[in-house]
Amino acid sequence: MDVTPSPRILRMLGEIEFDEWQCIAELVDNAFDDFSEISAVGQPWPGGYKVSVSLPSPAAPLTGAEVVVKDTGRGMTRETLEQAVKAGWSSNDRFDKLGLFGMGFNVATARLGRRTRVLTTREGDPEWIGVEIDLEKLGDDFEAPDITAAKDDPSEHGTWIIVDRLHRDRAEWLQRNGENLRTTLGRVYGWLLDNRPFELWVQGVKVKPRRACRWGDDRFVVFGSGSNAEQIPAYIEIDEKFEPADACELCGNWQNPGKSVCDECGSERLRQRERHLHGWLGVQRHLDKREFGIDFLRNGRKILQYDKSLFNWRNPNDPTGSSEPEYPVELANQGGRLIGEIHLDYVPVHYDKTAFEYSDRSWRAAVDYLRGEAPLQPQKAKAAGYPENDSPLGRLFKGYRRNDAGLRYLIPGDGSRPLHEDTRAWARKFWAGDPDYQSDQKWYEQVLMHEQRVLQSKLDKATGGAASDPDEDAVLKALGGGSSQAPSTPAPAGTGDSSASSPESTKPETVQERVTRYLATGNEYSDLSRDYGLPDTGTIKVDTYTLSEQVIDSEGQPTPVWLVQGAGGTATAFISSVHEAFAKMGMDYSELLIAEIAAALKVKSDSHQTFSQIAARLRAMCLPDTAVDAGVVRAQASELLSDIRSRMAERVAQDPQRALSVMDPDEQTQTETALIADGADTMTASLGADGNFVIYAPPLYLVKLLESWPEAFLDGLVFAPPYASLTSASSRRLSIARVVGYLNDLATLLTFQSPNITQLRRTRLSVELLARELAPES
């Protein structure tokens, strides 16, 4: 067969940079193209749509090793095969197929090895026919020898590609990375494997599609309050059809319809085609430092994975053309959770299928529709003269840009902080196929649990942590209600509790009866229910429950935490939420639970380590979210303060000169420096033109501004506590003092370096408490 061009060019194709997985994917693409054509016409295919990839065995020597890709497609005629193996040849349909470039086959095979054999057969053919391309023997006559193979069953059909004399470095990679290859191909072909009856096998193991671990279609958050309240769904379907255009079947150029020849190559092979942008944008159930962003697909294959370019905004008036990242910003170290899956079947892609042609107008139109022209950040949009960004991505950003625990941002928490490590672990169980983690119910229940614990914390504060006889007026006040005063009715005579005189009441409760009762009345505390252990001490699987009563241990003594050990390395922990260690001393449940587990593990393993050594290691390994990390606390404070700055800037706009009068000369200099660093040319004299200078002011200035002008920010304007409605000066001072105290902690941390652990703990708590004082966004 004629395999033009010259052998030298074919050998040079092997020098083109293709990763090993890309080489395999190029060969899989051709099979999936064939499958798509079969399924598109509704042709029955009893043999199924299956591609099998065999790699060099890890236990075998590389001498004689092969890479084999088999498919159960229709097979090819001799003429079609001759065209398919020619470098530079492309089929008539370059738009509906994955194998977009005729070079792909030759690059992939030359990159893998020095000899390639292709065998193909159709149903009813008497034998397998094929060609052998040996780059070391191929001459200048461009002729490669035909090969054949016997066919046992006339009904067989499909194609085999066998590559041998493998390049050692790539063969070794394939030997070591069968599982990694399956994972990568599961991501690249996830949509096809999930939505078409296609199967892909590597080394005899079926490739599983990598599905998005996202919130369900019915989940949403509420942004704003009152008449301005807006439901923002966690899943937004994308279905937009642009005007059809003419596509050149020779060079792939798209152009406005009505012309007889292609603007790029002069070909007359023009065909009007649909331009359909479809897919979805949504919210992941967990934060990740790398795996977030938008996947862009062409004909079902992912071209871009976790692409974050739409999170950047490029100022059209900036002559440097630089872009500014808008998500995530303050907590970029924690990662993000906005994701999506967008199909762009009509947009040209790069030859290696790792990028789209970004200069193409179809790509630009898709970006404009998905994220809009304006900045995602409201204050930045307003400052640049744009209206609010109401694009699909703009809405998601508005609703889910922050990572605070609770219903407001749909983040699971434990009553005081987000459970980012736990939710990442749950996501791994989702991808492993654990049936308990497929829906988002586990995540949503923990969001509700967080809200319940926040409410309980307010109730405990209102009742002073008492286990009984609470002050109902204080409780209702914590809930936002009115007085509970109502006439009480005395109990009729003889209806009192007679248990004291009952013989049963004096019978002592056994330990097992107490455990059974605690299990029946306790509330499961899932964020402290997990495996606890170290490599050198073993592991205990602990189920944790909280009780709103005194917990009595096996010795009959009250205790804040009772760890009851069971069989097979299990234990049950009962925590008394009313014990003075928690209700009065402010200790965290995890502190004393870890102490009990450390003691149990020390005995179990007969460890020479001290209790404190084991406890410290357990906390670091098993409860990383509870660590007081300076970088994390600083980032949390910075993110919250950024939100507060933006809100305060809006309120200052009514009288910017009054706000500017609070600023001393040093603060003005720092503000001007920050403005210039951000690209503005504003001088000190014009700082008071609007309220935007507050966004760049030093953190401690915000404290001064709030103290000097509280009526501009309290009463639900920025912060929820009342001010103007309070009649006494002392009530007003108390209302503002709480917010100022929290805000001052954040500003101090962000102003001064090297905080000690006590300051970090205080600031972490202030971040949590100040976030609760914010008024709902509108």
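Residues numbered from 1 in each chain as written. Predicted model: local features only at pLDDT ≥ 70, side-chain atom pairs only at ≥ 80, totals over all residues. Heavy atoms only, no water.

Chemist: Got a minute to help me understand the overall build of the protein chain in this structure?
Modeler: When its secondary structure is counted, the protein chain shows 23 helices and 23 strands. Taking as baseline every contact in the protein chain between residues at least 6 positions apart, the subset at least 24 positions apart corresponds to 67%. Roughly 37,500 Å² of accessible area belongs to the protein chain as shown, and the carbon and sulfur atoms make up 49% of that amount. (Helix = DSSP H or I, 4+ residues; strand = E, 2+ residues; numbered from the N terminus. Contact = heavy atoms within 4.5 Å. Areas by Shrake-Rupley, 256 points an atom, 1.4 Å probe, with all protein chains shown as cover.)

Chemist: Honestly, the sheet that holds strand S13 (residues 270-288) in this entry has me stumped. Any pointers?
Modeler: Backbone hydrogen bonds hold the strands of a sheet together, and the pairing may be parallel or antiparallel. The strand order S12-S11-S13-S18-S14-S15 describes an open sheet built from six strands, whose pairing is mixed. Edge positions in the sheet fall to strand S12 (254-255) and strand S15 (301-307), since each has one partner strand and no second. (Pairing = 2+ DSSP bridges.)

Chemist: Looking at this model, I keep getting lost on a negative patch on the surface. Mind explaining?
Modeler: A surface patch of like charges, here negative, comprises Glu123, Asp152, Asp153 and Glu156. With respect to the helices and strands, the residue aspartate 153 is situated in the loop between strand S5 (146-150) and strand S6 (158-166). (Patch = residues over 30% accessible without salt bridge, like charges linked within 9 Å, V, L, I, M, F, W, Y side chains within 5 Å. Salt bridge = Lys/Arg side-chain N within 4 Å of Asp/Glu carboxyl O. Lys, Arg positive; Asp, Glu negative; His and termini not counted. Charge placed at Lys NZ, Arg CZ, Asp CG, Glu CD.)

Chemist: Hey, could you run me through the pattern of salt bridges in this one?
Modeler: Here the idea is simple: oppositely charged side chains can pair when their charged atoms come close. Using the criterion set out here, one finds 49 salt bridges in the structure. With its nearest N and O atoms 2.7 Å apart, the salt bridge here joins arginine 74 to aspartate 34. Taken together, the residues arginine 74 in the loop between strand S2 (67-71) and helix H3 (78-84) and aspartate 34 in helix H2 (residues 20-40) connect sequence positions 40 residues apart. We note a salt bridge from arginine 115 to aspartate 164, for which the minimum N-O separation is 2.5 Å. Of this pair, arginine 115 sits in strand S3 (residues 113-121) while aspartate 164 sits in strand S6, and the two are 49 residues apart along the sequence. When sorted by exposure, arginine 115 lands in the same class as aspartate 164, which is buried. Look at the salt bridges and you will find they share partners, linking Glu66, Arg115, Arg117, Glu132 and Asp164 into a network. (Buried < 20%, exposed > 50% of the residue type's maximum accessible area, 1.4 Å probe, protein only.)

Chemist: Just to check I follow, could you spell out the packing of helix H18 (residues 630-652) against helix H21 (residues 699-708) for this structure?
Modeler: How two helices sit against one another is set out by the angle between their axes and by the gap between those axes. With their axes 12 Å apart at the nearest point, H18 and H21 run at an angle of 45° to one another. Comparing the axis directions of H18 and H21 gives the class oblique. For the crossing formed where H18 meets H21, the hand is left-handed. Counted together, Leu641, Arg645, Met648 and Val652 of H18 and Pro699, Leu702, Leu705 and Leu706 of H21 form the full contact between these two elements. Of the residues assigned to the contact of H18 with H21, the class counts are seven nonpolar, no polar and one charged. (Axes fitted to C-alpha atoms, helices over the stretch in contact; angles between N-to-C directions. Parallel < 35°, antiparallel > 145°, perpendicular 65-115°, else oblique. Left-handed = near helix turned anticlockwise from the far one by under 90°. Nonpolar A, V, L, I, M, F, W, Y, C, P; charged D, E, K, R; others polar.)

Chemist: Where do I start with the nonpolar core in this structure?
Modeler: Side chains that are nonpolar tend, in soluble globular proteins, to be buried together. Ile24, Phe32, Leu185, Tyr189 and Leu200 are the most contacted members of the largest nonpolar core, which totals 51 residues. Sorting elements by how many residues they give to this core places H2 first, with 10 residues. Counting 48 residues, the second largest nonpolar core, distinct from the first, contains Ala247, Leu304, Leu344 and Phe356. (Core = buried A, V, L, I, M, F, W, Y, C linked by side-chain atoms within 4.5 Å.)

Chemist: Just to check I follow, could you spell out the environment of glutamate 580 for this structure?
Modeler: With respect to the helices, strands and loops of the structure, glutamate 580 is situated in helix H15 (residues 580-583). On the basis of relative accessible area, glutamate 580 is assigned to the partly exposed category, the value being 47%.

Chemist: I would appreciate a short explanation of the sheet that holds strand S1 (residues 49-54) in the present structure.
Modeler: Pairing in this open sheet of eight strands is mixed, and the strands run S5-S4-S3-S6-S2-S1-S7-S8 from one edge to the other. Whereas interior strands pair on both sides, the edge strands pair on one side only; in this sheet they are S5 and strand S8 (205-206). With six bridges connecting them, S3 and strand S4 (residues 127-134) associate as antiparallel partners. Note that in S4 the partner of threonine 116 across the bridge is isoleucine 133.

Chemist: For this particular structure, what's the right way to read the confidence of the model for the protein chain?
Modeler: Caution applies to low-pLDDT regions: their predicted coordinates should not be interpreted in detail. Looking at the protein chain, the pLDDT average stands at 85 and 87% of residues meet or exceed 70. Looking at the elements of the protein chain, mean pLDDT is at its lowest for helix H13 (residues 472-479), recorded as 46, and at its highest for strand S18 (residues 336-343), recorded as 97. Of the regions scoring below 50 in pLDDT, residues 467-503 engages in 22 contacts with residues more than four places distant in sequence or in other chains. (pLDDT = per-residue confidence, 0-100.)

Chemist: Whenever I open this one, the environment of tyrosine 437 confuses me. Can you help?
Modeler: Along the chain, tyrosine 437 falls in the loop between helix H11 (420-431) and helix H12 (441-463). Between the C-alpha atom of tyrosine 437 and that of cysteine 213, which follows or precedes it by 224 residues, the distance is 9.6 Å. When near neighbours in sequence (up to four residues on either side) are disregarded, tyrosine 437 contacts Arg285, Trp426, Lys429, Phe430, Lys442 and Trp443.

Chemist: Help me understand the packing of aromatic side chains in this model?
Modeler: Two numbers describe a pair of aromatic rings. These are the distance of the centres and the angle of the planes. Applying the stated criterion across every chain, the model contains 28 aromatic pairs. Residues phenylalanine 296 and phenylalanine 356 carry aromatic rings whose centres are separated by 6.4 Å and whose planes lie at 80° to one another, so their mutual orientation is edge-to-face. Linking phenylalanine 296 in strand S14 (residues 293-298) with phenylalanine 356 in the loop between S18 and helix H8 (361-371), this pair joins segments that are 60 residues apart in sequence. In this structure, phenylalanine 296 and phenylalanine 356 share a single accessibility class: buried. (Phe/Tyr/Trp six-rings, centres within 6.5 Å; stacked < 30°, edge-to-face > 60°.)

Chemist: I'm lost on unusual backbone geometry in this one. Help?
Modeler: Most of the time, phi is negative for any residue but glycine, and the peptide bond is trans. Here the residue pair tyrosine 327 and proline 328 is connected by a cis peptide bond, since its omega of -20° sits within 30 degrees of zero. Backbone geometry at asparagine 299 places phi at a positive 55°, although glycine is not the residue there. Of note, asparagine 299 is situated in the loop between S14 and S15. Its relative accessible area of 15% is what places asparagine 299 among the buried residues. Of note in the backbone geometry, lysine 353 takes a positive phi value of approximately 60° without being a glycine. Within the fold, lysine 353 resides in the loop between S18 and H8. Residue lysine 353 is classed as buried on the basis of its relative accessible area of 2%.

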